[in-house]
Amino acid sequence: MTHAAPAPTPYELAGSAAERLAELTGVERHDIALVLGSGWLPAVDALGEATAEIDTTDLPGFSAAAVAGHSGKIRSIRSGDRNLLVFLSRTHFYEGKGVAAVVHPIRTAAAAGCSAIVLTNGCGGLKPGWKPGQPVLISDHINLTGTSPIVGANFVDLTDLYSPRLRAMCQEIDSSLDEGVYVQFPGPHYETPAEVRMAGVMGGHLVGMSTTLEAIAAREAGMEILGISLVTNLAAGLSGEPLNHEEVLEAGKAAASRMGGLLSQVVAKI
Ligand code: 8IG
C-alpha cells in the first residue's frame, strides 16, 4: 500500500512560497512587507523602483485576486538599504477560501525575513469630521469574523497589536493623523446602518472587511505591525447616500500622493 505525503502545514507552505519568492525576485531576504488595500494601489509608485514584479499565482499557496482595483501582483522594491515586499492585493475572508488563505501572504512575508509589516485598507469611517480620502492609524481592532488564523492551543497576546512605536513615528511625519479602532465585518455586503451604530457603541471608528486576521497572523509570526486605513467613504447611514465600490477607488486616486508620501517616509524610518 502507498501513502500520500502529508499535506504541508500553513507554515511549511509559507516557507516554500518564500523560497520560490527569493528565486523569482533574486532577492534573498526581504525586510518590510506592505499589503495594499482598496484605494492604496496608486500610492505604490512612491515607494521606489521595482526590482522585480511577480504574479502571486507563481508562488505556492496563492490563488488569483478577485476584486477590481486589486491586482494579484507582488513587487520587490529596493528602498534605501531595505528590501520591501509589496502585495498589491490581498485575499479577503469573504472569498470563502478559508482563513489560512487570507493570511498566507503574511506568513510568506515572515518566512521571507520581514520583521515589520504595514497593513493598509480602505474602509468606512464613523468619527464625525472624518472625510473620504483621509488616512487614519489603526490603534486597535475588533474582529467580528468569529474566527482566527491560529489553530490549536496557542494563546497569542494581542496587547499593543498595532505598534505604538510605529504609530508615533507616523504622527511625527504627519501630526494631523488621527487614530481609530478598526472593526472587521465578514462582508462582502456592507453593514446596515444599524450595524454601523453597533460598531460605534462597541468602541469602533472604522468599518471594513480585512486586516484583523492578517494582524493576528503577523503578531503570531513576531512581526511589528502598522495598520493604516484610508477612509474612502462615510459608513452606511452617515452620509444619506448608498455605498459603492467606485467611490472607494476614486477616493484612493485623489489621496494617492498623500498616501504614497506617508508610506515612503514611514518605511524609511522603520
Ligand atoms: I473601501 O463602509 C470600504 N470597505 N465593511 N464597510 C465595510 N467595508 C468597507 C467599507 C465600509 N468601505
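Caption draft 1: Spatial organisation of the overall build of the chain. Assigned secondary structure in the chain consists of six helices and nine strands. By the compact-globule yardstick of 18 Å for 270 residues, the chain fits well, its C-alpha radius of gyration being 18 Å. Here the C-alpha coordinates of the chain stretch approximately 65 × 45 × 35 Å along the principal axes. For the chain, with 270 residues in total, the buried portion stands at 50%. The contacts of the chain with a sequence gap of at least 6 include a subset with a gap of at least 24, amounting to 82%. Accessible area of the chain: about 11,600 Å², with a carbon and sulfur share of 53%.

Caption draft 2: Spatial organisation of the packing of helix H2 (residues 99-111) against helix H5 (residues 212-220). Packing of H2 against H5 brings their axes to within 9 Å, and their N-to-C directions diverge by 50°. When the interaxial angle is binned, H2 and H5 end up oblique. Both H2 and H5 take part in a crossing whose hand is right-handed. Facing H2, whose interface residues are Val99, Val102, Val103, Ile106 and Arg107, H5 presents Leu213, Glu214, Ala217, Ala218 and Glu220.

Caption draft 3: Summary view of the pattern of salt bridges. Taken as a whole and judged by the stated rule, the model has 14 salt bridges. Glutamate 95 is paired through a salt bridge with lysine 97; the nearest N and O atoms lie 2.8 Å apart. The class for lysine 97 is partly exposed, based on a relative accessible area of 37%.

Caption draft 4: Expanded view of the packing of helix H1 (residues 10-25) against H2. As a packed pair, H1 and H2 sit with axes 8 Å apart at the nearest point and diverge in direction by 60°. It follows from the interaxial angle that H1 and H2 lie oblique. Handedness of the H1/H2 crossing: right-handed. Where H1 approaches H2, its residues Pro10, Tyr11, Leu13, Ala14, Gly15, Ala17 and Ala18 are matched on the opposing element by His104, Arg107, Thr108 and Ala111. When grouped by side-chain class, the residues that make up the contact of H1 with H2 number seven nonpolar, three polar and one charged.

Caption draft 5: Seen up close, empty space enclosed by the protein. Within the structure shown, the criterion is met by two cavities of 30 Å³ or more. Put simply, the second largest cavity is a space of about 30 Å³. Lining the second largest cavity are Val35, Phe87, Ser89, Arg90, Val102, Pro105, Ile106 and Glu214. At three residues, H2 tops the list of elements feeding residues into the lining of the second largest cavity. Its residues placed into classes, the lining of the second largest cavity shows five nonpolar, one polar and two charged.

Caption draft 6: Summary view of the nonpolar core. Membership of the largest hydrophobic core comes to 35 residues, with the highest contact counts inside it found for Leu85, Ile106, Ile117, Leu206 and Ile225. Elements represented by at least two residues in this core include exactly H1, strand S1 (32-35), strand S4 (82-87), H2, strand S5 (116-125), strand S6 (134-143), H5 and strand S9 (224-234). Broken down by element, the residue count for this core peaks at five residues, all from H2. Leucine 206 has contacts with Cys123, Gly124, Trp130, Val136, Ile138, Gly180, Val181, Tyr182, Val183, Ser229 and Val231, leaving out every residue within four places of it along the chain. If you look at the next biggest cluster of nonpolar residues, it comprises 28 residues, including Leu84, Met259, Val267 and Ile270.

Caption draft 7: Inspection of the environment of asparagine 154 at higher detail. Note on placement: asparagine 154 falls in the loop between S6 and helix H3 (164-173). Each C-alpha atom, one on asparagine 154 and one on glutamate 220, is 8.9 Å from the other, the two residues being 66 residues apart in sequence. Of note is the side chain of asparagine 154, whose polar atom sits 3.4 Å from the side chain of glutamate 220.

Caption draft 8: Quick peek at the side chain of histidine 104. Tracing the backbone through its elements, the reader meets histidine 104 in helix H2. Once residues within four sequence positions are removed from consideration, histidine 104 is found in contact with Leu13, Ala14, Ala17, Pro60, Gly61 and Phe62.

Caption draft 9: Examining the state of the cysteines more closely. Taken as a whole and judged by the stated rule, the model has zero disulfides. Just so you know, cysteine 114 is unpaired, no disulfide at all, and the nearest cysteine sulfur is the one on cysteine 170, 17 Å from it. The exposure class assigned to cysteine 114 is buried, which follows from its relative accessible area of 5%.

How each quantity is defined
- Residues numbered from 1 in each chain as written.
- Predicted model: local features only at pLDDT ≥ 70, side-chain atom pairs only at ≥ 80, totals over all residues.
- Heavy atoms only, no water.
- Helix = DSSP H or I, 4+ residues; strand = E, 2+ residues; numbered from the N terminus.
- Rg over C-alpha atoms; globule rule 2.2 N^0.38 Å.
- Buried < 20%, exposed > 50% of the residue type's maximum accessible area, 1.4 Å probe, protein only.
- Contact = heavy atoms within 4.5 Å.
- Areas by Shrake-Rupley, 256 points an atom, 1.4 Å probe, with all protein chains shown as cover.
- Axes fitted to C-alpha atoms, helices over the stretch in contact; angles between N-to-C directions.
- Parallel < 35°, antiparallel > 145°, perpendicular 65-115°, else oblique.
- Left-handed = near helix turned anticlockwise from the far one by under 90°.
- Salt bridge = Lys/Arg side-chain N within 4 Å of Asp/Glu carboxyl O.
- Nonpolar A, V, L, I, M, F, W, Y, C, P; charged D, E, K, R; others polar.
- 1 Å grid on protein atoms, 1.4 Å probe; cavity = no way out; pocket = protein on both sides within 12 Å on 5 of 7 lines; lining within 4 Å.
- Points joined across faces, edges and corners; volume = space filled by probe spheres on them.
- Core = buried A, V, L, I, M, F, W, Y, C linked by side-chain atoms within 4.5 Å.
- Polar contact = N/O pair within 3.5 Å; in protein donor to acceptor, adjacent residues only side chain to side chain.
- Disulfide = S-S within 2.5 Å.

What is shown is where atoms sit, not what they do.
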